[in-house]
Amino acid sequence: MGTRPDALRESPNALPAAIEYLLSSNDCPSDADIPILHECHALFSTHLTRLDDEIASLSSSSDRETLQRLKDDRTVLQDRSRQILGALSAIRRFPKEVLQEIFLKLIPDAGFVVLDPQQGAWAVSRVCSGWRSASRYPHLWTTFRLITSKRCACVGDGGPVALLDTALRYSGSCKLDFHVEFQHNNCVSNISHVRDLLDVLMAHSERWAHVSLVLPSELGMHLVGVRGKMPELRRLTFVGYDPEEFWDILGEELPVIRAFEVAPQLRQVSVENALLCLNYPLLTSFTSKFNADVPLPVSPLFVIGHCMDLVHMDAYVGWHDDDLEIGTRISNTSLTRLTINDPSLLASLSLPALLSLDVGDMGAMSCLPFILPFLDVSQCSLTTLSFRHSTLSGAPLTDILALIPSLTDLGIGFHITVLFRP
């Protein structure tokens, strides 16, 4: 823009059109605009000084109408002067790469809510054309949360499906880290809506890397369409959500979700209230939680016996098999951290590499009698031992500690009963 703001010398409001546009946007000024902006600011400063002199000369005058008009003119002029300084701000001239690194810091570790246009990259893309261009950085769109609710059915242009599809398109070919949650206030009629969103995600399954899913069984079964199409999947969390329907299913047959049976890179799995077919020998970390008062779909002993590279295992069960026969102990030489709430499992295990053991109890069952022979057989060098809500009976605790000279951390939780007599 080559026009000089000569008209400003007579009228402070007579800004060139291009300068007016810069003041009403967040766009970066061109090299030609910058000297003109500086000249405009200098002229505004001159006008402000003149207005200050006029206001000072009329401060004792009875012409209050003229005095108020001058003060109003000064306020408008000062606002315009600040706008010009804003247009000259260094942040408007940040390279796109710098803006992208700043935007990345705005994304929570858990990811932004992808169906909320006020969050994440959606929000910064609406500031100005420069920021919109910078927000097309693929890594800004790879970590997100998809929280389904009745409200999300009408969000964004074209609805949530179009919004999710756009976000995935912006993510380019980058690996995806996402969390999908079927909210508790959903009704059955919304399952088809959520299935449509899953279909959009499933079209990009070759880029799934870290996936967390909270879904009803029906939608979990729908994922079979990605079986064998997840070459990059490394970490999976799956929570079966449909409590009322879920317990009814248990009385018949637990649905088996086979979508993740063929995932060559899958190493870390956490599953709750669901039965997944997995390639267990590949796992290095496995967490299983089952709230029902029924046997675990997959026994912790089975997992420990079949995962020879397993390093970490947590098993929370709501049931204990009193008829469990103790035969040959299952040995695993890679497991270093174990958390269980059924201490009787220790009677069937030998874990020489174990470093951390966190064990609870099933009702009034004491955990100590199972630990003593386990330590004697395993000959492991525990550094951390925790008893959660334990009944300390049977083998003395001192006998346990005598077998673990390597122990550095000991945690003990107790059952506490309070009797109140009025």
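It should be emphasised that the depicted structure is a prediction, and the values quoted were computed from it without experimental measurement.

Rules and cut-offs
Residues numbered from 1 in each chain as written. Predicted model: local features only at pLDDT ≥ 70, side-chain atom pairs only at ≥ 80, totals over all residues. Heavy atoms only, no water. Helix = DSSP H or I, 4+ residues; strand = E, 2+ residues; numbered from the N terminus. Contact = heavy atoms within 4.5 Å. Areas by Shrake-Rupley, 256 points an atom, 1.4 Å probe, with all protein chains shown as cover. Core = buried A, V, L, I, M, F, W, Y, C linked by side-chain atoms within 4.5 Å. Buried < 20%, exposed > 50% of the residue type's maximum accessible area, 1.4 Å probe, protein only. Axes fitted to C-alpha atoms, helices over the stretch in contact; angles between N-to-C directions. Parallel < 35°, antiparallel > 145°, perpendicular 65-115°, else oblique. Left-handed = near helix turned anticlockwise from the far one by under 90°. Nonpolar A, V, L, I, M, F, W, Y, C, P; charged D, E, K, R; others polar. Expected span 1.5 Å × (residues − 1). Salt bridge = Lys/Arg side-chain N within 4 Å of Asp/Glu carboxyl O. pLDDT = per-residue confidence, 0-100. Phe/Tyr/Trp six-rings, centres within 6.5 Å; stacked < 30°, edge-to-face > 60°.

Q: Explain the overall build of the protein chain to me, please; I cannot follow it from the model alone.
A: Each helix and strand in the protein chain was counted, giving 13 helices and 16 strands. Across the protein chain, every contact between residues at least 6 apart in sequence was considered, and the portion connecting residues at least 24 apart equals 66%. If you sum the accessible surface of the protein chain, you get close to 21100 Å²; carbon and sulfur atoms cover 53% of it.

Q: I'm lost on the nonpolar core in this one. Help?
A: Within soluble globular proteins, side chains that are nonpolar generally end up buried alongside one another. Counting 86 residues, the largest nonpolar core has Leu-164, Leu-201, Trp-208, Leu-223, Phe-260, Phe-286 and Leu-338 as the members making the most contacts within it. At seven residues, the largest contribution of residues to this core is made by helix α8 (residues 191–202). Once you skip the residues sitting within four places of it in the chain, Trp-208 turns out to touch Leu-176, Phe-178, Leu-201, Met-202, Leu-223, Val-226, Met-230, Glu-232 and Leu-233. Residues Leu-37, Leu-48, Leu-58 and Ile-84 belong to the second largest nonpolar core, which totals 18 residues.

Q: Explain the packing of helix α2 (residues 33–57) against helix α3 (residues 64–87) here, please?
A: The relative placement of two packed helices comes down to the angle between their axes together with the axis-to-axis distance. At a closest axis distance of 9 Å, the pairing of α2 and α3 adopts a crossing angle of 160°. Considered as vectors, α2 and α3 are oriented roughly antiparallel to each other. Both α2 and α3 take part in a crossing whose hand is left-handed. Only Leu-67, Leu-70, Lys-71, Asp-73, Arg-74, Leu-77, Gln-78, Arg-80, Ser-81, Ile-84, Leu-85 and Ala-87 of α3 make contact with α2, whose side of the interface consists of Leu-37, Cys-40, His-41, Phe-44, His-47, Leu-48, Leu-51, Asp-52, Glu-54 and Ile-55. Looking at the contact of α2 with α3, its residues break down into twelve nonpolar, four polar and six charged.

Q: For this particular structure, what's the right way to read α2?
A: For an α-helix, the turn length of 3.6 residues means that residues three or four places apart are oriented alike. With 25 residues, α2 should cover 36 Å at 1.5 Å per step; its first-to-last C-alpha distance of 36 Å lies within 8% of that length. Among the residues of α2, Asp-33, Ile-36, Leu-37, Glu-39, Cys-40, Leu-43, Phe-44, His-47, Leu-48, Leu-51 and Ile-55 are the ones counted as buried. Where α2 is buried, its residues meet α1 (17–23) and α3.

Q: What should I look at first to understand the pattern of salt bridges in this one?
A: Should their charged atoms come close, side chains of opposite charge can pair. Throughout the structure, instances matching the rule amount to ten salt bridges. For Asp-79, the salt bridge goes to Arg-82, with nearest N and O atoms at 3.9 Å. Of this pair, Asp-79 and Arg-82 both sit in helix α3, separated by three residues, roughly a single helical turn. Judged by relative accessible area, Arg-82 falls into the exposed class, the value being 54%. The shortest N-O distance in the salt bridge between Asp-165 and Arg-169 comes to 3.7 Å. Highlighted residues: Asp-165 and Arg-169, both in helix α7 (residues 159–170), separated by four residues, approximately one helical turn. When salt bridges with common partners are traced through the structure, they connect Lys-175, Glu-232 and Arg-234 into a single cluster.

Q: Where do I start with the confidence of the model for the protein chain in this structure?
A: Residues shown with low pLDDT carry predicted positions that ought not to be read at fine detail. Counting all residues, the mean pLDDT for the protein chain is 81, and 79% of those residues have values of 70 or more. Confidence, expressed as mean pLDDT per element, reaches its minimum in the protein chain at helix α10 (residues 243–250) with 50 and its maximum at strand β4 (residues 208–215) with 95. When the criterion is pLDDT under 50, residues 416–422 qualifies, and its contacts beyond four places in sequence or with other chains add up to zero contacts.

Q: Whenever I open this one, the packing of aromatic side chains confuses me. Can you help?
A: Here a ring pair, both rings aromatic, is described through the centre-centre distance and the interplanar angle of the planes. Tallied over the entire structure, the rule returns ten aromatic pairs. Each ring, one from Phe-238 and one from Phe-260, has its centre 6.5 Å from the other, and the planes form 65°; the classification is edge-to-face. Taken together, the residues Phe-238 in strand β5 (residues 235–240) and Phe-260 in the loop between β6 (256–257) and β7 (268–272) connect sequence positions 22 residues apart. Comparing Phe-238 with Phe-260 shows no difference in burial state: the two are buried.

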